[in-house]
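Understanding the architecture of this molecule
Chain residues, written in single-letter form:
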Amino acid sequence: MTFTRSDRLQALPPYPLAEIDRKKRAAIAAGRDIIDFGIGDPDQPTYDFIVEAMNHAMRKPERQKYPFGGGIPEFRREIAAFFARRYGVKLDPQREVLALIGSKEGIAHLPLAVVNPGQPVLIPEPAYPAYQAGTIFAGGVPDVFKLTAERRWLPDLDAIPADVAKAAPLMFLNYPNNPTGATATLDFFRRAVDFARRHDVLVAQDAAYNELYFADERPPSILQVPGASEVAVEFHSASKTFNMTGWRIGFVVGNADVIAALAAVKANVDTGVFAAVQEAACVAYANLDRPELHASRRMYPERAALFCEALRGLGFTAEPPTATFYVWARVPAGHNSAAVCDRLLEQANIVGVPGSSFGPAGEGYVRFSLSVPTERIRAAAARMKGLKW
Ligand SMILES: *Cc1c(COP(=O)(O)O)cnc(C)c1O
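Residues numbered from 1 in each chain as written. Predicted model: local features only at pLDDT ≥ 70, side-chain atom pairs only at ≥ 80, totals over all residues. Heavy atoms only, no water.

With that settled, consider the overall build of the protein chain. Each helix and strand counted, the protein chain has 14 helices and 12 strands in total. On C-alpha atoms alone, the protein chain measures out to a radius of gyration of 21 Å, which is about the 21 Å that the 2.2 N^0.38 rule sets for 389 residues. Each principal axis of the C-alpha atoms in the protein chain carries an extent, and together these give about 60 × 55 × 55 Å. When the 389 residues of the protein chain are sorted by exposure, 56% land in the buried category. Residue pairs in contact within the protein chain that sit at least 24 positions apart in sequence constitute 75% of those at least 6 positions apart. Accessible area for the protein chain stands at about 16800 Å²; split by element, carbon and sulfur atoms hold 53% of it. Side-chain charges in the protein chain split into 43 positive and 42 negative, and the spacing between the mean points of these groups amounts to 3 Å. (Helix = DSSP H or I, 4+ residues; strand = E, 2+ residues; numbered from the N terminus. Rg over C-alpha atoms; globule rule 2.2 N^0.38 Å. Buried < 20%, exposed > 50% of the residue type's maximum accessible area, 1.4 Å probe, protein only. Contact = heavy atoms within 4.5 Å. Areas by Shrake-Rupley, 256 points an atom, 1.4 Å probe, with all protein chains shown as cover. Lys, Arg positive; Asp, Glu negative; His and termini not counted. Charge placed at Lys NZ, Arg CZ, Asp CG, Glu CD.)

What follows is the structure, given as structure tokens:
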């Protein structure tokens, strides 16, 4: 037989990291010493107290069975307790919390729960690719709204045409933002909730980086807006918070009907999150104030300061982020982002992701992930000193 990929699969834009990944692999195969600021995967190991908790949990026979459903009761209660402590938001553990196999899994499946074929879905650009992919798999039609530096990478909600907003069942937001590192205020979330109410659209806010902050003001939850759970859900992840990307655990909170619908999709696709991982994640979320976590909150700004200084020396405009581990750097005037990345790789063996690979609105920027050991960042800075455009 001749095999053809489905139309939906073919409709996906290329994965942003694919091209840069290919070039990186070729350079590594050629024996070059690459410093990789490409992928957003913490270099530090999972905190020891969490690994210990996992060690204990996985020995329990009842944790080794099919987990089924939206999360063990202990996990849902722990998340509700975390939300009450951290955000002052009260959640019903059974109806308003759902465990996910990493937040990406829930994000990608959400459109199957709330979008019909042909409906527009409001998606930011530049953005994390799962919003588009999930939309396309569900037969929805991505309708992008641009984020710009002038508006600090927050959308101009009033610029979204009313007819599109009315027709769209779903809108994605992501703050603190990947790739730009931008953060949102509670006031912005108030406006987003108001927009959702006026146009009858569900807002799905991706808060994967909410606990990775470096400023005094901590990133808010959209659920802190009174009544938000009537029109919003929020995705959270243990991945970046606790250096647990490989463990695959996250959760979604908010509107109970939407959560029930997503749970119904998932019941037909997966069989839940490994219960031992859920138990370990309980220990993680109960211990967000441990010194190890605060040490990370000091480590990233140190890296950011080092790296941004080196970038500015090359003519970039770059400021350390106040949340996320991304430096979103404006390329030197007169250059384009893909060419700048090629140049960095060719001349300094440094990998960054062209902003344009997150959509045309990212052109003119490069995303550097600070998930690189600090001494390697020093080495990168030294290499960059010798560079000429
Ligand atoms: C890393 C990331 C996620 C997904 O993380 P999981 O490991 O699937 O929980 C979601 N959204 C954004 C913006 C991310 O950068």
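Anyway, onward from the coordinates.
With an omega of -10°, the peptide bond running from Y175 to P176 counts as cis. With respect to the helices and strands, P176 occurs in the loop between β5 (170–174) and α8 (186–199). Cis peptide bonds are those with omega within 30 degrees of zero, and the linkage from N178 to P179 qualifies with 15°. In this structure, P179 sits in the loop between β5 and α8. Even without glycine at this site, N349 takes up a positive phi of about 55°. Mapping N349 onto the fold places it in the loop between α13 (337–348) and β10 (350–351).

Turning our eyes to something else, we now look at the sheet that holds strand β6 (residues 202–206). Think of a sheet as strands paired side by side through backbone hydrogen bonds, with each pair either parallel or antiparallel. Spatial ordering of the open sheet is given by β2-β8-β7-β6-β5-β3-β4, a layout of 7 strands whose pairing is mixed. The sheet is open, and its two borders are formed by β2 (97–100) and β4 (141–146), each paired with just one other strand. On average, each strand axis in the sheet is tilted by 25° relative to the strand beside it, whichever way the strands run. Pairing of strand β3 (residues 120–125) with β5, which is carried by 2 bridges, proceeds in the parallel orientation. Paired with V121 across the two strands is L170, which belongs to β5. On top of the sheet, helix α5 (residues 103–114) reaches β2, β5, β6, β7 (232–237) and β8 (250–254); it is set at about 155° to β7, its chief contact. (Pairing = 2+ DSSP bridges. Axes fitted to C-alpha atoms, helices over the stretch in contact; angles between N-to-C directions.)

To continue, consider the state of the cysteines. Under the defined criterion, the tally for this structure stands at 0 disulfides. Looking at C341, it has no disulfide partner, and the nearest cysteine sulfur is the one in C308, 15 Å off. Given a relative accessible area of 1%, C341 falls into the buried group. (Disulfide = S-S within 2.5 Å.)

In this section: the domain arrangement of the protein chain. By a widely used convention, the size of an interface equals the accessible area lost when the partners come together. On domain assignment, one finds that the protein chain holds domain 1 (7–46 + 291–384) and domain 2 (48–285). Here domain 1 and domain 2 have C-alpha centroids that lie 25 Å from each other. Sorting the residues of domain 1 by area buried against domain 2 places T46, R297 and T324 first, and these three jointly supply 22% of that buried surface. Counting the contacts that link domain 1 with domain 2 gives 0 salt bridges. At the junction of domain 1 and domain 2, the tally comes to 13 residue pairs in polar contact (both at pLDDT 80 or more). Among the elements that line the side of domain 1 that touches domain 2, the one with the most residues is helix α12 (residues 291–313), at 6 residues. Taken together, the residues that form the side of domain 1 that touches domain 2 break down as 20 nonpolar, 8 polar and 5 charged. (Domains from an automatic or database assignment. Buried area = accessible area lost by both parts, 1.4 Å probe. Salt bridge = Lys/Arg side-chain N within 4 Å of Asp/Glu carboxyl O. Polar contact = N/O pair within 3.5 Å; in protein donor to acceptor, adjacent residues only side chain to side chain. Nonpolar A, V, L, I, M, F, W, Y, C, P; charged D, E, K, R; others polar.)

The next thing to look at is the side chain of R86. Note on placement: R86 falls in helix α4 (residues 73–87). For R86, the side chain forms a polar contact with the main-chain oxygen of N210, separated by 3.3 Å. Once residues within four sequence positions are removed from consideration, R86 is found in contact with N210, E211, Y213, R218 and P219.

What follows is about the environment of V269. Topologically, V269 is positioned in the loop between α10 (256–267) and α11 (275–286). Residue V269 is classed as exposed on the basis of its relative accessible area, which comes to 51%. Here the alpha-carbon distance between V269 and H109, two residues 160 residues apart in the chain, equals 9.4 Å.

A word on the pattern of salt bridges. Enumeration according to the criterion identifies 24 salt bridges in this entry. Between E279 and K60 there is a salt bridge whose closest N-O contact spans 2.8 Å. Of this pair, E279 sits in helix α11 while K60 is found in the loop between α3 (48–57) and α4, placing the two residues 219 residues apart along the sequence. Looking at E279, the relative accessible area reads 14%, which means it is buried. When the shortest N-O distance is used, the salt bridge between R198 and D194 registers 3.2 Å.

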